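Examining the three-dimensional arrangement
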Amino acid sequence: MFFRQLLHDDLGCASYLVGSRGRAAVVDPKWEIDEYLEIAAAQRLRIEHVLETHNHADHLSGRGRLIAATGATAYISAAADVGYEHVPLHDGDELELGDVRIRALATPGHRPEHMALLVGDAERSDRPWSLLAGDSLFIGDSARPDLAVEARAGARGLFATFARLRELDDFVEVWPGHIGGSLCGGTAMSQKPSSTLGYERHANPYLALDDEEEFVARLTASRRPQPPNFQRIVELNRGPLLTEAARVDGLSPVRTGELLEAGATLIDVRDPYEFDAAHVPGSLCVTANRAGVGTRAAWMVDPDSDVVLLAPDEGEALRAARCLEAVGFRALRGYVRGGIEAWRADGGPLAGIPALDPGDLAERLRENAVLLLDVRDADEWQAGHVPGSLHVPYYELRDGPPPQLERAERPVAVACSGGFRSALAASVLAARGLERVEHVASGGIADLPAHGIELIR
């Protein structure tokens, strides 16, 4: 038997390649499929089946591309309401691949059609040894209940699902559909790629709960925001099949300027310090130095709109393009060939944003020289913030600066926890016409007490 977990590092998504005796299946494939093909070839496996645990909301499935490349058959829940040819899965259905047995397990809650998959190795035992949990049970957490149905209804579905999972043996390994950082779960989701049902029964606060009302109350108490592209991704994943990646070519500075003049958005994936020093006016800083490129971009840019990329080199531009494509950006017009230096050499206009470190910010705050805009999430703000600062999570700036910023008599200093979210927020404010924007490009709010600035709860 062959088993391999493959991660999409930018989105925190997990997919799986399972095989035996020359036959293989891929579960929840990511958009980029080369890795599956390379591993299957190295292991002398033929990919015959592509299984989906549900209609994904956070990423485009690579199912169509895999089917086009291998001739594999698609499988998904009979309740998934998809528009492509597939074998409908019902609770208890089994698929055999040599010695591998894969059994569908109805596990609604995150989505009504959700199916987890029990995997066994008949050569060793007739009992399943692993659970491909999809978006049901995460390591240390639960899937979120509010993406497809009303939150409390979804939570009740997950409670019933967890009761069913508790019937499995303690030795069953749990392999989730996401690791920490994904928006399909909560903030307690671990970066650990797997666990066992016995350990999760002991340590996962949701799997340990046997009171339905307490489970529902806890799971729905604090909900993370839902990016605006989630429903669009679901519809794309429902079909028809997407079988080809976008072609992304290098563009001259002149052609780039024409596209920007026609309304395209330029997404700059360089380091925030480099962006602050010199960037194309109106461009947005979505640095590729940190995971979540696609998710951050989708908060601020319509995925149906034309997008041009600017990166340090061609390789980085193409990697960023695939990250954007994985979250539904389908109108990638290309990247600036030669990057910011080519733009500068061609006489293109440049802008800059003053960059601060926490020490600089502390001094500016003591002098009452700036209005601090804290763009962290609500739980971070509640854990400690600067008195008198303004709190607006970065994703709420999509439509432009709030009135308090437009009326500000002092420069606006934008900060988060490490400089990445604030880089995007500062660039959005500048692109939307706010003057006198400054950016805390390294460190963040939590570093201020070391420089004499008190935080309050």
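Now for a look at the structure at hand. This one's a predicted model, so the numbers in the text were calculated from it and none came from an experiment.

1. A closer look at the overall build of the chain
Of the regular secondary structure elements, the chain holds 15 helices and 24 strands. For the chain, whose C-alpha radius of gyration is 24 Å, the value lies close to the compact-globule estimate of 23 Å for 457 residues. Dimensions along the principal axes, computed over C-alpha positions, put the chain at roughly 70 × 50 × 35 Å. Out of the 457 residues belonging to the chain, those deemed buried represent 56%. When contacts within the chain are restricted to residue pairs at least 6 apart in sequence, long-range pairs at least 24 apart make up 68% of them.

2. Some remarks on the pairing of strand β3 (residues 23–27)
Burial analysis of β3 places four of its five residues in the buried class, the great majority of the element. Summarising the sheet, strand β2 (residues 13–20) and β3 pair through five bridges and their orientation is antiparallel. Bridge pairing in β3 places glycine 19 opposite alanine 24. Here five bridges tie β3 to strand β4 (residues 46–51), and the two strands are oriented parallel to one another. Residue pairing in the sheet places valine 27 in a bridge with leucine 51 of β4. The β-α-β motif built from β3, the intervening helix α1 (residues 34–42) and the parallel element β4 has right-handed crossover chirality.

3. Focus on the pattern of salt bridges
If you walk through the whole model with that rule in mind, you get 30 salt bridges. Close ionic contact of glutamate 316 with arginine 319 constitutes a salt bridge, the shortest N to O distance being 2.7 Å. Taken together, the residues glutamate 316 and arginine 319, both in helix α10 (residues 314–325) and three residues apart, mark about one turn of the helix. Owing to a relative accessible area of 51%, arginine 319 belongs among the exposed residues under this scheme. Through salt bridges with shared partners, a single ionic network connects Glu32, Arg65, Arg322, Glu325 and Arg330.

4. Some points on the side chain of serine 194
Within the secondary structure layout, serine 194 lies in the loop between β13 (173–176) and β14 (195–196). What makes serine 194 buried here is its relative accessible area of 15%.

5. Side note on the nonpolar core
One broad trend across soluble globular proteins is that nonpolar side chains are buried collectively. Among the nonpolar cores identified, the biggest contains 62 residues, and Ile267, Met300, Leu324, Phe329, Leu373, Leu397 and Val414 are the most heavily contacted of them. In terms of residue count, helix α15 (residues 420–431) provides more of this core than any other element does, six residues in total. What isoleucine 267 contacts, discounting residues up to four positions off in sequence, is Leu284, Val286, Ala297, Val301, Val307, Val308, Leu309, Leu310 and Leu324. In this structure, Ala116, Leu165, Val172 and Val174 belong to the second largest nonpolar core, which totals 22 residues.

6. Things to note about the state of the cysteines
Enumeration according to the criterion identifies zero disulfides in this entry. Cysteine 184 supplies the cysteine sulfur nearest to cysteine 13, a cysteine that is in no disulfide, at a spacing of 6.7 Å. Of the cysteine sulfurs around cysteine 285, a residue in no disulfide, the closest is that of cysteine 416, at 11 Å.

7. What to know about the sheet that holds strand β8 (residues 100–106)
Strand order in the open sheet formed by six strands is β7-β8-β9-β10-β13-β14, and the pairing between neighbours is mixed. The open sheet has two free edges, formed respectively by β7 (94–97) and β14, since each of these has just one partner strand. Of the strand pairs in this sheet, β13 and β14 are connected by two bridges, and their pairing is antiparallel. Paired with glutamate 173 across the two strands is threonine 196, which belongs to β14.

8. Some words on the packing of aromatic side chains
In this structure the tally under the stated criterion is nine aromatic pairs. Taking the centre distance of 5.3 Å and the plane angle of 75° together, the rings of phenylalanine 3 and tryptophan 129 count as edge-to-face. In this pair, phenylalanine 3 is assigned in strand β1 (residues 2–8) and tryptophan 129 in the loop between β9 (115–121) and β10 (130–134), connecting sequence segments 126 residues apart. Measuring from centroid to centroid gives 5.6 Å for phenylalanine 162 and phenylalanine 215, while their planes differ by 80°, and the two rings are edge-to-face. In this pair, phenylalanine 162 is assigned in helix α3 (residues 151–165) and phenylalanine 215 in helix α5 (residues 212–220), connecting sequence segments 53 residues apart. Judged by relative accessible area, which is 0%, phenylalanine 162 ranks as buried.

9. Details of the sheet that holds strand β21 (residues 371–374)
The sheet built from five strands is open, its strands ordered β20-β24-β23-β21-β22 with parallel pairing. Looking at the sheet topology across the chains shown, the edges are occupied by β20 (355–356) and β22 (390–391). Relative to strand β23 (residues 412–415), β21 runs parallel, the two being bridged by four bridges. In the strand pairing of β23, leucine 371 is matched with valine 412. With respect to the sheet, α15 is in contact with β21, β23 and β24 (437–440), its orientation differing from that of β24 by roughly 170°.

10. Observations concerning α5
Among all positions of α5, only Phe215, Val216, Leu219 and Thr220 are buried. For α5, the arc enclosing every buried residue in end-on projection is 105°, short of the 170-degree limit, so these residues lie on one face. Each element contacted by the buried residues of α5 is listed here: β12 (141–142) and α3. Sitting at the head of α5, aspartate 211 places a side-chain oxygen 3.2 Å from the backbone nitrogen of glutamate 213.

What counts and how
Residues numbered from 1 in each chain as written. Predicted model: local features only at pLDDT ≥ 70, side-chain atom pairs only at ≥ 80, totals over all residues. Heavy atoms only, no water. Helix = DSSP H or I, 4+ residues; strand = E, 2+ residues; numbered from the N terminus. Rg over C-alpha atoms; globule rule 2.2 N^0.38 Å. Buried < 20%, exposed > 50% of the residue type's maximum accessible area, 1.4 Å probe, protein only. Contact = heavy atoms within 4.5 Å. Pairing = 2+ DSSP bridges. Right-handed = clockwise from strand over helix to strand, strands pointing away. Salt bridge = Lys/Arg side-chain N within 4 Å of Asp/Glu carboxyl O. Core = buried A, V, L, I, M, F, W, Y, C linked by side-chain atoms within 4.5 Å. Disulfide = S-S within 2.5 Å. Phe/Tyr/Trp six-rings, centres within 6.5 Å; stacked < 30°, edge-to-face > 60°. Axes fitted to C-alpha atoms, helices over the stretch in contact; angles between N-to-C directions. Arc of directions from axis to C-beta. Polar contact = N/O pair within 3.5 Å; in protein donor to acceptor, adjacent residues only side chain to side chain.

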